[in-house]
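# Commentary on secondary and tertiary structure
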Amino acid sequence: MLPDILKPGLSVVFVGTAKSTASAEAGHYYAHPQNMFWNLLEASGLTDGVFVPASEDHSVTRFGIGLTDLVASRAASSDSLLRAGDFDVPGFVGRIERFGPAVVAFNGGESARRVARHLGHPPPEEGPAGWSVAGAEAYRLPSSSSANATGGYELKRRKWVEFGRWVSGLGAAKAPG
(Lines give C-alpha, C1' and ligand atoms only; values in the text may rest on other atoms or scores of the structure.)
Protein backbone atom coordinates (compact mmCIF):
# COMPACT_ATOMS: atom_id res chain seq x y z
CA MET A 1 0.00 0.00 0.00
CA LEU A 2 0.97 3.61 -0.28
CA PRO A 3 2.73 5.26 2.63
CA ASP A 4 1.39 8.51 4.04
CA ILE A 5 2.96 11.68 2.70
CA LEU A 6 3.22 13.63 5.93
CA LYS A 7 5.67 15.76 7.85
CA PRO A 8 5.33 18.09 10.84
CA GLY A 9 3.74 21.52 10.45
CA LEU A 10 1.86 21.13 7.15
CA SER A 11 -0.83 23.62 6.20
CA VAL A 12 -3.25 21.02 4.83
CA VAL A 13 -3.52 17.25 4.97
CA PHE A 14 -5.91 15.79 2.39
CA VAL A 15 -7.71 12.71 3.67
CA GLY A 16 -9.20 10.12 1.36
CA THR A 17 -11.12 7.03 2.27
CA ALA A 18 -8.90 4.42 0.58
CA LYS A 19 -6.43 4.23 -2.27
CA SER A 20 -7.95 3.13 -5.55
CA THR A 21 -6.61 -0.03 -7.12
CA ALA A 22 -5.11 2.13 -9.89
CA SER A 23 -3.25 4.23 -7.31
CA ALA A 24 -2.01 1.14 -5.47
CA GLU A 25 -0.75 -0.36 -8.74
CA ALA A 26 0.93 2.91 -9.80
CA GLY A 27 2.39 3.55 -6.34
CA HIS A 28 1.03 7.11 -6.25
CA TYR A 29 -1.94 8.89 -4.74
CA TYR A 30 -4.87 9.78 -7.02
CA ALA A 31 -3.24 8.06 -10.01
CA HIS A 32 -6.43 7.00 -11.81
CA PRO A 33 -6.56 9.15 -14.96
CA GLN A 34 -10.20 10.05 -14.30
CA ASN A 35 -9.56 11.27 -10.76
CA MET A 36 -9.32 15.05 -10.92
CA PHE A 37 -7.46 15.53 -7.61
CA TRP A 38 -4.31 17.02 -9.13
CA ASN A 39 -6.26 19.44 -11.35
CA LEU A 40 -8.45 20.50 -8.42
CA LEU A 41 -5.40 20.92 -6.17
CA GLU A 42 -3.81 23.23 -8.74
CA ALA A 43 -7.08 25.18 -9.07
CA SER A 44 -7.23 25.61 -5.28
CA GLY A 45 -4.15 27.84 -5.42
CA LEU A 46 -2.44 25.84 -2.67
CA THR A 47 0.43 24.87 -5.01
CA ASP A 48 1.05 28.43 -6.16
CA GLY A 49 -0.27 27.60 -9.65
CA VAL A 50 2.02 24.60 -10.09
CA PHE A 51 0.44 21.42 -11.48
CA VAL A 52 1.77 18.41 -9.58
CA PRO A 53 1.26 15.12 -11.44
CA ALA A 54 0.42 11.95 -9.50
CA SER A 55 3.89 10.60 -10.32
CA GLU A 56 5.35 13.43 -8.20
CA ASP A 57 2.91 13.12 -5.29
CA HIS A 58 5.72 13.14 -2.71
CA SER A 59 6.66 16.68 -3.77
CA VAL A 60 3.46 18.19 -2.33
CA THR A 61 5.08 18.68 1.08
CA ARG A 62 7.09 21.56 -0.41
CA PHE A 63 3.75 23.40 -0.67
CA GLY A 64 2.79 22.52 2.91
CA ILE A 65 0.47 19.71 1.79
CA GLY A 66 0.21 16.12 2.97
CA LEU A 67 -1.78 13.06 1.88
CA THR A 68 -3.26 10.15 3.84
CA ASP A 69 -6.25 7.79 3.89
CA LEU A 70 -8.45 6.25 6.58
CA VAL A 71 -7.97 2.79 5.10
CA ALA A 72 -4.28 2.00 4.93
CA SER A 73 -4.38 -1.77 4.56
CA ARG A 74 -6.45 -2.22 1.37
CA ALA A 75 -7.02 -0.68 -2.01
CA ALA A 76 -10.60 -0.30 -3.18
CA SER A 77 -11.96 1.68 -6.08
CA SER A 78 -15.35 1.96 -4.38
CA ASP A 79 -16.20 2.67 -0.74
CA SER A 80 -18.85 -0.06 -1.01
CA LEU A 81 -16.05 -2.66 -1.19
CA LEU A 82 -14.72 -1.68 2.24
CA ARG A 83 -15.64 -3.31 5.55
CA ALA A 84 -16.01 -1.53 8.90
CA GLY A 85 -12.81 -3.17 10.13
CA ASP A 86 -10.81 -1.64 7.26
CA PHE A 87 -11.13 1.86 8.70
CA ASP A 88 -8.45 2.96 11.17
CA VAL A 89 -9.87 6.22 12.46
CA PRO A 90 -7.93 6.14 15.78
CA GLY A 91 -4.70 5.65 13.80
CA PHE A 92 -5.60 8.58 11.57
CA VAL A 93 -6.31 10.83 14.56
CA GLY A 94 -2.97 9.76 16.04
CA ARG A 95 -1.15 10.76 12.84
CA ILE A 96 -2.83 14.17 12.90
CA GLU A 97 -1.81 14.61 16.55
CA ARG A 98 1.76 13.63 15.68
CA PHE A 99 2.18 15.86 12.61
CA GLY A 100 0.03 18.82 13.68
CA PRO A 101 -1.30 20.24 10.39
CA ALA A 102 -3.40 23.41 10.44
CA VAL A 103 -6.22 21.90 8.34
CA VAL A 104 -7.57 18.42 7.63
CA ALA A 105 -9.39 18.38 4.27
CA PHE A 106 -11.64 15.40 3.66
CA ASN A 107 -11.72 14.48 -0.03
CA GLY A 108 -15.36 13.41 -0.07
CA GLY A 109 -18.01 12.44 2.39
CA GLU A 110 -17.20 8.92 3.59
CA SER A 111 -13.92 9.79 5.32
CA ALA A 112 -15.52 12.91 6.84
CA ARG A 113 -18.51 10.91 8.15
CA ARG A 114 -16.31 8.23 9.70
CA VAL A 115 -14.10 10.72 11.52
CA ALA A 116 -17.06 12.86 12.63
CA ARG A 117 -18.79 9.80 14.10
CA HIS A 118 -15.60 8.76 15.91
CA LEU A 119 -15.22 12.24 17.42
CA GLY A 120 -18.91 12.54 18.34
CA HIS A 121 -19.87 15.14 15.72
CA PRO A 122 -22.66 15.10 13.13
CA PRO A 123 -21.54 14.37 9.56
CA PRO A 124 -20.38 17.61 7.96
CA GLU A 125 -21.82 19.17 4.85
CA GLU A 126 -19.33 20.42 2.27
CA GLY A 127 -17.29 23.33 3.60
CA PRO A 128 -15.86 24.06 7.05
CA ALA A 129 -16.97 21.35 9.47
CA GLY A 130 -17.04 23.56 12.56
CA TRP A 131 -14.92 21.09 14.54
CA SER A 132 -11.31 20.00 14.60
CA VAL A 133 -9.23 16.84 14.52
CA ALA A 134 -6.44 16.98 17.09
CA GLY A 135 -6.33 20.78 16.74
CA ALA A 136 -6.54 20.82 12.92
CA GLU A 137 -9.57 22.61 11.45
CA ALA A 138 -11.75 20.14 9.52
CA TYR A 139 -13.15 20.87 6.05
CA ARG A 140 -15.15 18.62 3.73
CA LEU A 141 -14.55 18.90 -0.01
CA PRO A 142 -16.52 17.30 -2.83
CA SER A 143 -14.76 14.12 -3.90
CA SER A 144 -12.21 14.48 -6.67
CA SER A 145 -13.24 11.08 -8.03
CA SER A 146 -15.04 11.05 -11.36
CA ALA A 147 -17.21 8.25 -9.92
CA ASN A 148 -18.75 10.97 -7.76
CA ALA A 149 -19.77 13.40 -10.47
CA THR A 150 -22.52 15.25 -8.60
CA GLY A 151 -22.67 18.74 -10.04
CA GLY A 152 -19.88 18.10 -12.54
CA TYR A 153 -16.27 19.22 -12.65
CA GLU A 154 -16.89 22.99 -12.76
CA LEU A 155 -18.89 22.92 -9.52
CA LYS A 156 -16.19 20.83 -7.85
CA ARG A 157 -13.55 23.23 -9.13
CA ARG A 158 -15.38 26.24 -7.67
CA LYS A 159 -15.64 24.51 -4.31
CA TRP A 160 -11.94 23.63 -4.29
CA VAL A 161 -11.04 27.23 -5.23
CA GLU A 162 -13.25 28.37 -2.35
CA PHE A 163 -11.36 25.97 -0.07
CA GLY A 164 -8.01 27.41 -1.16
CA ARG A 165 -9.24 30.90 -0.28
CA TRP A 166 -10.54 29.63 3.06
CA VAL A 167 -7.15 28.12 3.91
CA SER A 168 -5.40 31.36 2.90
CA GLY A 169 -7.83 33.29 5.09
CA LEU A 170 -6.85 31.16 8.07
CA GLY A 171 -3.26 32.22 7.55
CA ALA A 172 -2.17 28.59 7.71
CA ALA A 173 1.61 28.78 7.54
CA LYS A 174 3.14 26.74 4.75
CA ALA A 175 5.87 24.37 5.70
CA PRO A 176 9.27 25.18 4.23
CA GLY A 177 10.19 23.16 1.15
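Look a little higher up for the structure.
To keep things clear, this report deals only with the structure shown in the data block. (Residues numbered from 1 in each chain as written. Predicted model: local features only at pLDDT ≥ 70, side-chain atom pairs only at ≥ 80, totals over all residues. Heavy atoms only, no water.)

### So, the overall build of the protein
Of regular secondary structure, the protein possesses 5 helices and 5 strands. N-terminal to C-terminal, the α/β element order of the protein is β-α-α-β-α-β-α-β-β-α. Sequence-distant contacts, at least 24 apart, represent 68% of the contacts inside the protein between residues at least 6 apart. (Helix = DSSP H or I, 4+ residues; strand = E, 2+ residues; numbered from the N terminus. Contact = heavy atoms within 4.5 Å.)

### Thoughts on helix α2 (residues 37–44)
Counting buried positions along α2 gives 6 out of 8 residues, so the element sits mostly inside the fold. Looking at α2, one finds that the buried residues are Phe 37, Trp 38, Leu 40, Leu 41, Ala 43 and Ser 44. Just downstream of α2 lies Gly 45, where phi reads positive at about 85 degrees. (Buried < 20%, exposed > 50% of the residue type's maximum accessible area, 1.4 Å probe, protein only.)

### Things to note about the packing of α2 against helix α5 (residues 152–170)
Two elements in contact, α2 and α5, have axes whose closest approach is 7 Å; the angle formed by their N-to-C orientations is 45 degrees. What the angle tells us is that α2 and α5 run oblique. As α2 runs across α5, the sense of the crossing is right-handed. Note on element contacts: α5 touches α2 through Tyr 153, Lys 156, Arg 157, Trp 160, Val 161 and Gly 164, opposite Phe 37, Asn 39, Leu 40, Leu 41, Ala 43 and Ser 44. Residues that form the contact of α2 with α5 fall into these classes: 7 nonpolar, 3 polar and 2 charged. (Axes fitted to C-alpha atoms, helices over the stretch in contact; angles between N-to-C directions. Parallel < 35°, antiparallel > 145°, perpendicular 65-115°, else oblique. Left-handed = near helix turned anticlockwise from the far one by under 90°. Nonpolar A, V, L, I, M, F, W, Y, C, P; charged D, E, K, R; others polar.)

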